[in-house]
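# Overview (structure and organization)
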Amino acid sequence: MEFARVRLLDPRAEQLLSGLRHEYEVRYGPGDAADDVPAVEFDPPMGIFLVLMDGDVTVAGGGLRRYDAETCEVKRMWTHADYRRQGHAKAVLAELESIAREMGYLRMRLETGDAQPEALALYPSLGFVQIDNYGHYATATGFERALTDA
C-alpha cells in the first residue's frame, strides 16, 4: 500500500468520496453533505488531499484545508469497509499531521458526527482533545490537536 497526494477531483479521491457519501446517507439520512467544501480548498499550498491505495483500490484517505493561519482542518476522513480495523485511519492521520507540519500549521482540528462512534473513540486515543463544536452540524463533536507536541 502507498499514499498518494491527489486533487479532490482525481478518480482515486472519487472512490473515497463515493463511499463517504453512501456512508453518510446510511448513518445520517439523505441530505447530509459530503460536498460542503469546494474542492479547491484541498489544493496546495494551503490544503492537501491524501489517499492510501492498495493497487487500484482506495483504502482510506482524508484531506486538510486551511482553517486559519495556524490551524488546518481535517475533512473527508474515510476507510473502505473491507479495510477497517487495520490501522489505516491512524496511518492517514499520522501522514496528514506530518504534511500539516510541513505546511507550517501548528494545530489540527476536525469534527465528527454522533453517528460515528468509531471516530469519536479514535480521535481522543490519538491525542486529540474535545473542543466546542465549531461547524454548522448541531450534533457534531469538535476535536483539536497541537502539532507541536509530537
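Relevant structure appears above.
Residues numbered from 1 in each chain as written. Predicted model: local features only at pLDDT ≥ 70, side-chain atom pairs only at ≥ 80, totals over all residues. Heavy atoms only, no water.

### Looking at helix α1 (residues 11-28)
Residues three or four positions apart in an α-helix share a direction because the helix packs 3.6 residues into each turn. The end-to-end C-alpha distance of α1, which contains 18 residues, comes to 25 Å, matching closely the 26 Å that a straight helix rising 1.5 Å per residue would cover. In this structure, the buried side of α1 is in contact with β1 (2-6), β2 (48-54), β3 (57-68) and β4 (71-79). Between a side-chain oxygen at the N-terminus of α1 and the backbone nitrogen of Arg12 the separation is 2.7 Å; the capping residue is Asp10. Gly29 lies just past α1 and shows a positive phi near 95°. (Helix = DSSP H or I, 4+ residues; strand = E, 2+ residues; numbered from the N terminus. Expected span 1.5 Å × (residues − 1). Contact = heavy atoms within 4.5 Å. Polar contact = N/O pair within 3.5 Å; in protein donor to acceptor, adjacent residues only side chain to side chain.)

### Quick notes on the side chain of Asp43
Among the secondary structure elements, Asp43 is positioned in the loop between α1 and β2. Overall, the relative accessible area of 14% leaves Asp43 in the buried class. Of the polar contacts made by the side chain of Asp43, one reaches the side chain of Arg7; its length is 2.6 Å. (Buried < 20%, exposed > 50% of the residue type's maximum accessible area, 1.4 Å probe, protein only.)

### Quick look at the nonpolar core
One finds Leu64, Val74, Met77, Leu96, Met108 and Tyr123 to be the most contacted residues of the largest nonpolar core, which totals 25 residues. Looking at this core, the elements with two or more residues in it are β2, β3, β4, α2 (88-102), β5 (107-112) and α3 (117-125). With six residues, the top contributor of residues to this core is α2. With near-sequence residues (within four places) excluded, Leu96 lies in contact with Ile48, Leu50, Gly62, Gly63, Leu64, Val74, Met77 and Met108. Membership of the second largest hydrophobic core comes to 14 residues, among which are Ala4, Leu16, Leu20 and Val37. (Core = buried A, V, L, I, M, F, W, Y, C linked by side-chain atoms within 4.5 Å.)

### Quick word on the pattern of salt bridges
Summed over the entire model, instances satisfying the criterion amount to 11 salt bridges. Taking the shortest distance from any N to any O, the salt bridge between Arg7 and Asp43 comes out at 2.6 Å. Separated by 36 residues along the polypeptide, Arg7 in the loop between β1 and α1 and Asp43 in the loop between α1 and β2 bring together distant segments of the chain. The closest approach of N and O atoms between Arg145 and Glu97, which form a salt bridge, is 2.9 Å. Remark: Glu97 occurs in helix α2 and Arg145 occurs in strand β7 (residues 141-146); sequence separation between them is 48 residues. The residues Arg145 and Glu97 share a single accessibility class, namely buried. Here the residues in one salt-bridge network are Glu41, Arg65 and Glu73, joined through shared partners. (Salt bridge = Lys/Arg side-chain N within 4 Å of Asp/Glu carboxyl O.)

### A look at unusual backbone geometry
Of note, the bond from Pro44 into Pro45 is cis; its omega dihedral lies within 30 degrees of zero at 15°. Along the chain, Pro45 falls in the loop between α1 and β2. Positive phi, close to 65°, is recorded for Arg76, a residue that is not glycine. Here Arg76 lies in strand β4. Here Arg76 falls in the buried class, since its relative accessible area comes to 5%. The backbone of Arg85 shows a phi angle near 65°, a positive value even though the residue is not glycine. Looking at where Arg85 falls in the secondary structure, it is placed in the loop between β4 and α2. Judged by its relative accessible area of 82%, Arg85 is exposed.

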